[in-house]
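Coordinate inspection notes
Chain by chain, the residues:
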Amino acid sequence: MTKFAEKAGSIFKGGIIGREIIFFESVPSTNDKAFEIGQQKENPEGIVVIADSQTCGKGRLGRRWISPPGVNLYFTVLLKPPFPLKESFILALAAAVAATTAIRKYTGLDARIKWPNDILINNRKSCGILTEMKSGKDRINLMAVGIGVNVNMLPDAFTDDIKPFTTSLKIESGLSFERDKLLREILAELEKAYKNLLTGNKRALINDWLRLNCTIGNEISVQSRTGIISGIAAGINDNGELLVRPSSGEIERVSAGDVTILKN
Ligand code: BTN
């Protein structure tokens, strides 16, 4: 058993998150594995599934997430948020706030959120979040919050197509970090952010997201489901959707997409 595997099992026990922590050396995707496990449990909320590597790590918008062993964090937290389906997107923002706050505290690096939940350091992505859901008619039955952090990965491990846009905590600082310590910080912050949502304190979460973001106020273009929208990122609404003000016309609401920051 590796040192990471030994430590992972007892990394964090919050009131909700970390009731059970399950470690695998390798899985196709921790999100898929978490759903598989969650569907067999009576109360899966708070279960954390961690892997040292993933063979089919999934990114947003159908991309893949490079997941070699020994260097990074790949984990999924299962939640059963009692929110209507249309409010589920806020969980992705909560996860971004948690991971960004933890990275900033543990490494001292200036991590920032690009809408909705890419975590950038010096404009390059160091952490990505993929939330997936099993839902009923208008409620969430089970949500998988999957987080991947490039911790000690070196530039050669990235494929050429993403090298210019991607980084790791080690590349940015020149230092190696302990994955278990960072994981503990992220889970503790996620517990805080989730509790804020459960107690109806959505405003606190949105204010934290706004404080940590690097998107709002900038000229951007968004590749959304319906095409490309360009304009000024004017803000986010209470559901976490991005509000874009094009040079002509009315504010548009974007609920999923990929942002490029054109000028900041
Ligand atoms: C993104 O494209 O930004 C999202 C990346 C999410 C990667 C994490 S790694 C743990 C979890 N399991 C997956 O297959 N994906 C997420």
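Residues numbered from 1 in each chain as written. Predicted model: local features only at pLDDT ≥ 70, side-chain atom pairs only at ≥ 80, totals over all residues. Heavy atoms only, no water.

The next point concerns the site of the ligand. Near the ligand lie 19 residues; those nearest to it are S29, Q54, K58, R60 and K125. Summarising the interface, the protein chains cover 99% of the accessible area of the ligand, which totals 420 Å² for the free molecule. Contributions of two or more residues to the shell around the ligand are made by α2 (30-38), β3 (73-79), β6 (124-135) and β7 (140-149). Sort the elements by how many residues they give to the shell around the ligand and β6 lands first, with four residues. Residue classes in the shell around the ligand are distributed as five nonpolar, 10 polar and four charged. (Near = heavy atom within 4 Å. Areas by Shrake-Rupley, 256 points an atom, 1.4 Å probe, with all protein chains shown as cover. Helix = DSSP H or I, 4+ residues; strand = E, 2+ residues; numbered from the N terminus. Nonpolar A, V, L, I, M, F, W, Y, C, P; charged D, E, K, R; others polar.)

In a regular helix each residue adds 1.5 Å, so 18 residues correspond to 26 Å; helix α3 (residues 90-107) covers 26 Å between its end C-alpha atoms and thus fits that length. In terms of burial, α3 is a largely internal element, 15 of the 18 residues being buried. With its phi angle positive at about 75°, G108 sits one or two positions after the end of α3. (Expected span 1.5 Å × (residues − 1). Buried < 20%, exposed > 50% of the residue type's maximum accessible area, 1.4 Å probe, protein only.)

A word on the packing of aromatic side chains. Given two aromatic rings, their pairing is described by the distance between the two centres and the angle made by the two planes. Within this structure, the stated rule accounts for three aromatic pairs. Here the aromatic rings of F4 and F23 are separated by 5.7 Å at their centres, their planes lie at 85°, and the arrangement is edge-to-face. Here F4, found in helix α1 (residues 3-8), pairs with F23, found in strand β1 (residues 20-27); they are 19 residues apart in sequence, far enough to count as distant. There is no split in this pair, since F4 and F23 are both buried. (Phe/Tyr/Trp six-rings, centres within 6.5 Å; stacked < 30°, edge-to-face > 60°.)

Here we take up the pairing of strand β2 (residues 47-54). Buried residues dominate β2, accounting for eight of its eight residues. As judged from the seven bridges shared by β1 and β2, these two strands associate in the parallel manner. Directly across from V27, in β2, lies its bridge partner Q54. (Pairing = 2+ DSSP bridges.)

If you look at the biggest cluster of nonpolar residues, it comprises 64 residues, and the most contacted ones within it are F75, V149 and L242. The dominant element in this core, judged by the number of residues it contributes, is α3, at 11 residues. Among the domains, domain 1 (3-212) and domain 2 (219-263) are the pair contributing at least three residues each to this core. If we skip the residues at most four places from it in the chain, V149 touches N72, L73, I103, S126, C127, L169, L182 and I186. Residues I22, I37, I47 and L78 belong to the second largest nonpolar core, which totals nine residues. (Core = buried A, V, L, I, M, F, W, Y, C linked by side-chain atoms within 4.5 Å. Domains from an automatic or database assignment. Contact = heavy atoms within 4.5 Å.)

In this model, helix α5 (residues 179-198) (20 residues) spans 28 Å end to end at C-alpha, consistent with the 28 Å of a helix rising 1.5 Å per residue. Inspection of α5 places R179, D180, L182, L183, I186, L187, E189, L190, E191, A193, Y194 and L197 among the buried residues, and these make up the whole buried set. Positive phi shows up at G200, right after α5, with a value of about 80°.

Once that is clear, we can look at the domain arrangement of the chain. Annotation of the chain at the domain level lists domain 1 (3-212) and domain 2 (219-263). Computed over C-alpha atoms, the centres of domain 1 and domain 2 are 24 Å apart. Each side of the interface is counted separately: domain 1 has 17 residues, and domain 2 has 14 residues. Carbon and sulfur atoms make up 55% of the area that domain 1 and domain 2 hide from each other, which totals about 1200 Å². It is F89, K114 and W115 that lose the most area in domain 1 upon contact with domain 2, and together they represent 45% of the buried surface on that side. At the boundary of domain 1 with domain 2, the tally comes to three salt bridges. Two residues, D258 and R63, come together in a salt bridge whose shortest N-O distance is 2.5 Å. Taken together, the links from domain 1 to domain 2 amount to eight residue pairs in polar contact (both at pLDDT 80 or more). Contributions of two or more residues to the side of domain 1 that touches domain 2 are made by α3 and α6 (202-212). (Buried area = accessible area lost by both parts, 1.4 Å probe. Salt bridge = Lys/Arg side-chain N within 4 Å of Asp/Glu carboxyl O. Polar contact = N/O pair within 3.5 Å; in protein donor to acceptor, adjacent residues only side chain to side chain.)

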